[in-house]
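Below are the chains, spelled out letter by letter.
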Amino acid sequence: MRKIFREECNAALQNVTFDNRQQKAVRMRVERCHKPRRRMRGMVAVAVAAALTFSGAFAVQAVRDNIRNTMASWEDTHTGTALGLSQSDAGLTVTLDEIYGDTWYVYLKGTVASETEKTMRVDNWTNRSGTQYANAGFCDWEFTIPDQKTQLSHGSNISFLSVNGQEDAPLEFLIRLSATDFALTGEASALFNGFWYEADGELQELDGCWEFTFPVDRNDDGETLLVGKSIQTDAGTVTLDCLQFSALDISAEWSGANEALFGWDQSNTYLLLKSGERIGCQSAGIEDENGEKTRMEFAPFNNGLGHISADDVQAVVFAGQEIPVT
Amino acid sequence: MQYFFHCRGLIGRKEEGTMREITAPPSMREAFDLDHAMVAYGTDLLRLCTLYLGDRTLAEDAVQDTFFRAWRSGGFRGESGEKTWLTRIAINVCKSYLLSPWHKRRADGEALAALLADASDGADDTLIRAVLSLAPKYRAVVLLHYYEGYKAREIAQLLHVRTNTVVSRLKRAREQLKPMLKEWYYEENI
């Protein structure tokens, strides 16, 4: 049976091969990180696009605007904590400007600037859904967060904002940390090892180390809207348990038929706002080992629509079926 | 629940407090030839990850992560084969992908259709659909046993679970597969 099983699978996957393009991607990743770091306390290096792969059916606006529009809306009613922390190494100054935090996420705003050049020339790159970012990143990073002995690099995203029309400004980045596991207040640290960027298609790498200690004082004010409504799909019953509203993002918790939740029709799954706007889904992941809870994230930074609260939402549409939440 | 990685290739779950070593001290390692490994095992690992994740794009990321982590670790223990070592890393990478919604863990709605459309030209996809319908923990043992050919004891070592657990999961997976495959073909000892 094993032979038949393998043959059938291989026949169905005959076009699935690890080709030269993918091998080259691995070699590039190795090349980017093969230089010894002065400090290698860091977590697994995450290269090129690892933290930058936001996507979504509706995410066609540049992420610069998405972040800024949503952040501006949030700042109207909530103020982050200014940090103003800078570290210079290898000719590069990394600054952490501000921290925001709520129940679900902690966000850090920062910049990277060259000490020798007035401007850093960095290429943009565009992901599959048309969202543009600066083609830059840290080679390794880790965060030590309050009340948690282990470091966190998994569960963190660092997005370098695209540089269109902003060539004379420092390169901006936004860090998003999953915050559900750590204390509301305390002291955290961030360590960045190595910085890479591409300029005119040429890879540049700086072997620096930038370390910060900063206070976390977030509010447990992420909004949760309990829903508890089920729908039937071809793959079984799924239940929308709740919606979680963070400062800049919205997520949903689901339970029920695992395969339904991982086989949804993405183009017909979105958050429907009372204004008629839609926010597409971005991703989903299993929350527990038994696969009973699934967390779905909608398009990052609310797709540039500003901060959204429970009152703004009319329904969640899952694979074309509308689940009213009001 | 928080999953995390260590820079030297350790992967663990903090609640359990069990950091699972998948690399050995330098003195115990066999040299790792990245180029050779990618040519020799890349496609096989990609198909395994594709079947496990049900998403070809995600699987490509997983296999690239696998080779990168293998390279970062510097080598593998001589007592297990190189492919077994890489398979273990790949499975752990896939598990972390499935368990984390933040690290590109995308269960794209069009993934399955795209996978099946891209993967073959008219080939029977009944088996793949059936396997993908299993919960990840069952899917893993089925793939490692029936696709990769590992014995229950070896799968237990790969997944860091007891052999009885593997046997039990295989039994339950077979029970779930049986009705889905009865119209196609099915042997009692699948």
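Reading the values: the criteria
Residues numbered from 1 in each chain as written. Chains lettered and ligands numbered in written order. Predicted model: local features only at pLDDT ≥ 70, side-chain atom pairs only at ≥ 80, totals over all residues. Heavy atoms only, no water. Helix = DSSP H or I, 4+ residues; strand = E, 2+ residues; numbered from the N terminus. Buried < 20%, exposed > 50% of the residue type's maximum accessible area, 1.4 Å probe, protein only. Contact = heavy atoms within 4.5 Å. Areas by Shrake-Rupley, 256 points an atom, 1.4 Å probe, with all protein chains shown as cover. Arc of directions from axis to C-beta. Phe/Tyr/Trp six-rings, centres within 6.5 Å; stacked < 30°, edge-to-face > 60°. Lys NZ or Arg CZ within 6 Å of the ring centre and 35° of its normal. Salt bridge = Lys/Arg side-chain N within 4 Å of Asp/Glu carboxyl O. Core = buried A, V, L, I, M, F, W, Y, C linked by side-chain atoms within 4.5 Å. pLDDT = per-residue confidence, 0-100. Pairing = 2+ DSSP bridges. Axes fitted to C-alpha atoms, helices over the stretch in contact; angles between N-to-C directions. Parallel < 35°, antiparallel > 145°, perpendicular 65-115°, else oblique. Nonpolar A, V, L, I, M, F, W, Y, C, P; charged D, E, K, R; others polar.

Some remarks on the overall build of chain B
- For chain B, the helix and strand inventory stands at eight helices and five strands.
- For chain B, the succession of helices and strands along the chain, N to C, is β-β-β-β-α-α-β-α-α-α-α-α-α.
- Each of the 190 residues in chain B was classed as buried or not, and the buried ones make up 58%.
- Within chain B, residue pairs in contact and separated by at least 24 positions form 62% of the contacts whose partners lie at least 6 positions apart.
- When the accessible surface of chain B is summed, it comes to about 7400 Å², and 47% of that surface belongs to carbon and sulfur atoms.

Focus on helix α7 (residues 152–159) of chain B
- Within the sequence span of α7(B), burial applies to A152(B), I155(B), A156(B), L158(B) and L159(B). Across the axial projection of α7(B), the buried residues extend over an arc of 165 degrees, all falling on one side.

Notes on the packing of aromatic side chains
- On inspection of all chains with the given rule, the structure shows 16 aromatic pairs over all chains.
- Seen in terms of ring centroids, Y105(A) and Y107(A) are 5.8 Å apart; in terms of plane orientation they differ by 55 degrees. Their pairing is tilted. Neither residue differs from the other here; Y105(A) and Y107(A) are each classed as buried.
- Positioned above the aromatic ring of Y147(B) is the side chain of R6(A), whose terminal nitrogen or guanidinium carbon lies 4.7 Å from the ring centre.
- Over the face of the ring belonging to Y105(A) we find R176(A), whose NZ or CZ atom lies 4.6 Å from the ring centre.

Thoughts on the pattern of salt bridges
- All chains considered together, the criterion is met by 12 salt bridges over all chains.
- A salt bridge links R121(A) to D200(A), with the nearest nitrogen and oxygen atoms 2.4 Å apart. Residue R121(A) is located in the loop between β3 (105–114) and β4 (124–126), and its partner D200(A) is located in the loop between β10 (185–199) and β11 (202–217); the two are separated by 79 residues in the primary sequence. By the burial criterion, R121(A) is exposed, and D200(A) matches it.
- Across the salt bridge formed by K171(B) and E175(B), the nearest N and O atoms sit 2.9 Å from each other. With K171(B) and E175(B) both in helix α8 (residues 163–181), this residue pair falls four residues apart, about one helical turn.
- The class of E175(B) is partly exposed, set by a relative accessible area of 47%.
- In the salt-bridge network here, residues are joined through shared partners; they are R6(A), D44(B), K83(B) and E148(B).

Digging into unusual backbone geometry
Residues and elements named next belong to chain A.
- At A90, a position not held by glycine, the phi torsion is positive, near 55 degrees.
- With respect to the helices and strands, the residue A90 is situated in the loop between β1 (81–89) and β2 (92–101).
- Look at A90 and you get partly exposed, because its relative accessible area is 36%.
- Of note, the phi angle at A319 is positive, near 50 degrees, even though the residue is not glycine.
- Residue class for A319 comes out partly exposed when judged on its relative accessible area of 34%.

Side note on the nonpolar core
- F5(A), F32(B), L53(B), F67(B), L86(B), V142(B) and L143(B) are the most contacted members of the largest nonpolar core, which has 61 residues in total.
- In terms of residue count, the dominant contributor to this core is helix α1 (residues 34–53) of chain B (11 residues).
- Aside from chain neighbours lying at most four places away, what touches V142(B) is F5(A), L134(B), Y147(B), L170(B), A173(B) and L177(B).
- Judged by nonpolar contacts, the second largest core, of 35 residues, contains V94(A), L108(A), M120(A) and F212(A).

Observations concerning the confidence of the model for chain A
- With 76% of its residues at a pLDDT of 70 or more, chain A has an overall mean of 77.
- Considering each helix and strand of chain A separately, the mean pLDDT is smallest for strand β7 (residues 151–152) of chain A, with a value of 52, and largest for strand β18 (residues 313–318) of chain A, with 95.

Some details on the pairing of strand β12 (residues 223–233) of chain A
Residues and elements named next belong to chain A.
- Sheet topology places β12 next to strand β13 (residues 236–245); nine bridges connect them, and they run antiparallel. The partner of I231 across the bridge, within β13, is V238.
- Adjacent in sequence and paired antiparallel, β12 and β13 are bridged by two residues.

Some words on the packing of helix α6 (residues 136–147) of chain B against α8(B)
Residue and element names in this part refer to chain B.
- Relative to each other, α6 and α8 sit at 95 degrees, their axes nearing to 9 Å. Compared by their axis directions, α6 and α8 come out roughly perpendicular. On α8, the residues that touch K137, Y138, V141, V142, H145 and Y146 of α6 are V166, R169, L170, R172, A173, R174, Q176 and L177.

Points about α6(B)
Residue and element names in this part refer to chain B.
- Across the 12 residues that make up α6, a large majority, 11, are buried.
- Within the sequence span of α6, burial applies to P136, Y138, R139, A140, V141, V142, L143, L144, H145, Y146 and Y147.
- Looking one or two places after α6, you find G149, whose phi comes out positive at around 80 degrees.

Concerning the packing of α7(B) against α8(B)
All names here are of chain B.
- Packing of α7 against α8 leaves a shortest axis separation of 8 Å and a crossing angle of 110 degrees. As summarised for this structure, α7 and α8 are arranged roughly perpendicular, according to the angle between their axes. Counting all contacts with α7, which are made through A152, R153, I155 and A156, the residues of α8 involved are T163, V166 and V167.
- In the contact of α7 with α8, the residues fall into five nonpolar, one polar and one charged.

Some remarks on the pairing of β3(A)
- Burial analysis of β3(A) places eight of its 10 residues in the buried class, the great majority of the element.
- Where β2(A) folds back on β3(A), the antiparallel hairpin that results is connected by three residues.

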